[in-house]
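Residue strings, one per chain:
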Amino acid sequence: MSRLLAAITLLLSIALTILVTVICSVPIIVAGIIKLLLPVPAVWRSISVFCNLMMYCWCAGLAILLRLNPWLKWDVEGLEGLNKKNWYLLICNHHSWADIVVLCVLFRKHIPMNKYFLKQQLAWVPFIGLACWALDMPFMRRYSRSYLIRHPERRGKDVETTRRSCEKFRAHPTTIVNFVEGSRFTEEKRRQTRSPFKNLLPPKAAGIAMALNVLGTQFDKMLDVTLCYPENDETPFYDMLSGRLTRIVVRINLVPIDDELHGDYVSDKNFKRGFQQWLNALWSDKDALIEDIKAGRAAVK
């Protein structure tokens, strides 16, 4: 693709993405205002249904935009057996802003509408925070180790926030999505965190441990999703917008939620240690899978 065509595609993609987002988000923001003014459970449930419908329309709009790229190929394994009437906990590596687009587009017809764990700071962003709140997105407040040393009274507060956020999902089938690395992967972040993995940051276990503890056996399965852009690894989101993205690889692994994954992550040190070991082993397998995909050992079937 020539630079001129890529530049034109980029501008057109940005304009169309903004248009689709505005069309779908304005009704959600209006619904959020109504939700603020009328704190009635029946009203809130109706608003949640409406907001989920608008988010589905947004996902469908993004899917149409991706189809405009004739060079883009999807390499997906593991969608079989998924059901929109089930509860899922979806964990995924986080490489780019493109990840959210991929998850929304790919899973929109297979599982309940995704609910993303979001950083607490987003709640105060004008319009975006209100829209995410109307969509029942769970906000997480993460404290660094150094902050907790200076403020030990805040220990466990981030986990309690996760507990309250997950309680609302008992009433209807939901997919809770958690990018457990807590941040997008970069080589600089990998060095800063002293990650033992080549393609991933160290996973943070508290969020998913609390989600499992709150919703218990209500989750039907855990979806362990691995995303990779083997031919556009450096700037996949920019390449997606400019029409240069050529291949999206998605591997979905259904992980059984055994009894040993349920426990008190805050107070039980043995459970916390065991849960972290389990998650690190899962991440080690994911790192090896990504390495195989990049090396061409997991090519399209």
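In this report, the structure presented in the accompanying data block is examined. Everything numeric here is computed off the predicted structure, so don't read it as measured data.

## Some words on the overall build of the protein
Looking only at helices and strands, one finds 10 helices and eight strands in the protein. Against the 2.2 N^0.38 benchmark of 19 Å for 301 residues, the protein shows a C-alpha radius of gyration of 20 Å, consistent with a compact globule. Oriented by its inertia axes, the alpha-carbon framework of the protein measures out at about 55 × 50 × 40 Å. With 301 residues in all, the protein has 47% of them scored as buried.

## As for a nonpolar patch on the surface
Judged by side-chain polarity, Ile14, Ile18, Val22, Val26, Val30, Ile33, Ile34, Leu36, Leu37, Leu38 and Val40 come together as a nonpolar surface patch covering roughly 930 Å² of accessible area. Structurally, valine 40 can be placed in the loop between helix 1 (3-37) and helix 2 (41-67).

## Focus on the state of the cysteines
For the structure on display, the rule yields zero disulfides. No disulfide involves cysteine 24; its sulfur sits 5.6 Å from the nearest other cysteine sulfur, which is in cysteine 57. Judged by its relative accessible area of 7%, cysteine 24 is buried. For the unlinked cysteine cysteine 59, the closest cysteine sulfur is that of cysteine 104, found at 3.9 Å.

## With respect to the packing of helix 8 (residues 206-215) against helix 10 (residues 269-294)
Where helix 8 contacts helix 10, the two axes come as close as 11 Å, and the packing angle between them is 115°. The interaxial crossing formed by helix 8 with helix 10 has right-handed handedness. Residues Ile208, Ala209 and Leu212 of helix 8 touch helix 10, and the partners they reach there are Phe275, Trp278 and Leu279. For the contact of helix 8 with helix 10, a count of residues per class yields six nonpolar, no polar and no charged.

## Things to note about the nonpolar core
Counting residues in hydrophobic clusters, the biggest one holds 50 residues, and the most contacted among them are Leu90, Leu103, Phe107, Tyr116, Leu223 and Val225. At the level of elements, helix 1, helix 2, strand 2 (88-92), helix 3 (98-107), helix 4 (128-134), strand 7 (221-228) and strand 8 (247-255) are the ones that each hand at least two residues to this core. Broken down by element, this core gets its largest block of residues, 10 residues, from helix 2. Within the second largest apolar cluster, 34 residues are counted, among which are Phe219, Ile257, Leu282 and Ile293.

## Details of the pattern of salt bridges
A complete count under the given rule lists eight salt bridges for this structure. A salt bridge links arginine 190 to glutamate 187; the nearest nitrogen and oxygen atoms lie 3.2 Å apart. In this pair, arginine 190 and glutamate 187 both sit in helix 7 (residues 187-192), three residues apart, roughly one turn of the helix. Residue arginine 190 is classed as partly exposed on the basis of its relative accessible area of 22%.

## Considerations on the pairing of strand 8
Of all nine residues that make up strand 8, seven are buried, and the element is covered over most of its length. Where strand 1 (residues 73-77) meets strand 8, five bridges bridge the pair, whose relative direction is parallel. Across the sheet, residue glutamate 77 finds its bridge partner in strand 8, namely arginine 251. Pairing geometry for strand 7 and strand 8, over seven bridges, is antiparallel. Note that in strand 8 the partner of valine 225 across the bridge is isoleucine 252.

Calculation notes
- Along each chain, the written sequence defines residue order, and numbers are assigned to residues from 1.
- Local features are withheld for residues below a pLDDT of 70 in this predicted model, meaning they are given only at 70 or higher, and side-chain atom pairs are given and counted only at 80 or more; totals for whole chains, interfaces and linings count all residues.
- With hydrogens and water set aside, each side-chain value is computed from the structure's full complement of heavy atoms.
- A run of DSSP states H or I qualifies as a helix once it reaches four residues; a run of E qualifies as a strand once it reaches two. Both are numbered from the N-terminal end.
- We take the radius of gyration over the C-alpha atoms and set the globule estimate at 2.2 Å times the residue count to the 0.38 power.
- Note on classification: 1.4 Å probe, protein chains only; a residue is buried when its accessible area is under 20% of the maximum for its type, exposed when over 50%, partly exposed between these limits.
- Note that patches include only residues with greater than 30% relative accessible area and no salt bridge, and the join distances are 9 Å for like charges and 5 Å for nonpolar side chains (Val, Leu, Ile, Met, Phe, Trp, Tyr).
- What sets the accessible areas is the Shrake-Rupley method with a 1.4 Å probe; for residues, cover comes only from the shown protein chains.
- By definition, a salt bridge exists where a carboxyl oxygen of Asp or Glu is found within 4 Å of a side-chain nitrogen of Lys or Arg.
- A pair of cysteine sulfur atoms is labelled a disulfide when the two atoms are within 2.5 Å.
- Angular values range over 0 to 180 degrees, each being the angle between N-to-C directions of two axes fitted as lines to C-alpha atoms, with helices fitted over their stretch in contact.
- Crossing handedness follows the turn of the near helix against the far one: under a right angle anticlockwise gives a left-handed crossing, and clockwise gives a right-handed one.
- Throughout, a contact is declared for two residues whenever any of their heavy atoms are within 4.5 Å.
- Lys, Arg, Asp and Glu make up the charged group, whereas Ala, Val, Leu, Ile, Met, Phe, Trp, Tyr, Cys and Pro make up the nonpolar group; the residues left over, Gly among them, are polar.
- Each nonpolar core is a collection of buried residues, namely Ala, Val, Leu, Ile, Met, Phe, Trp, Tyr and Cys, held together in the definition by side-chain atoms within 4.5 Å.
- Being paired, for any two strands, means DSSP has found at least two bridges between them.

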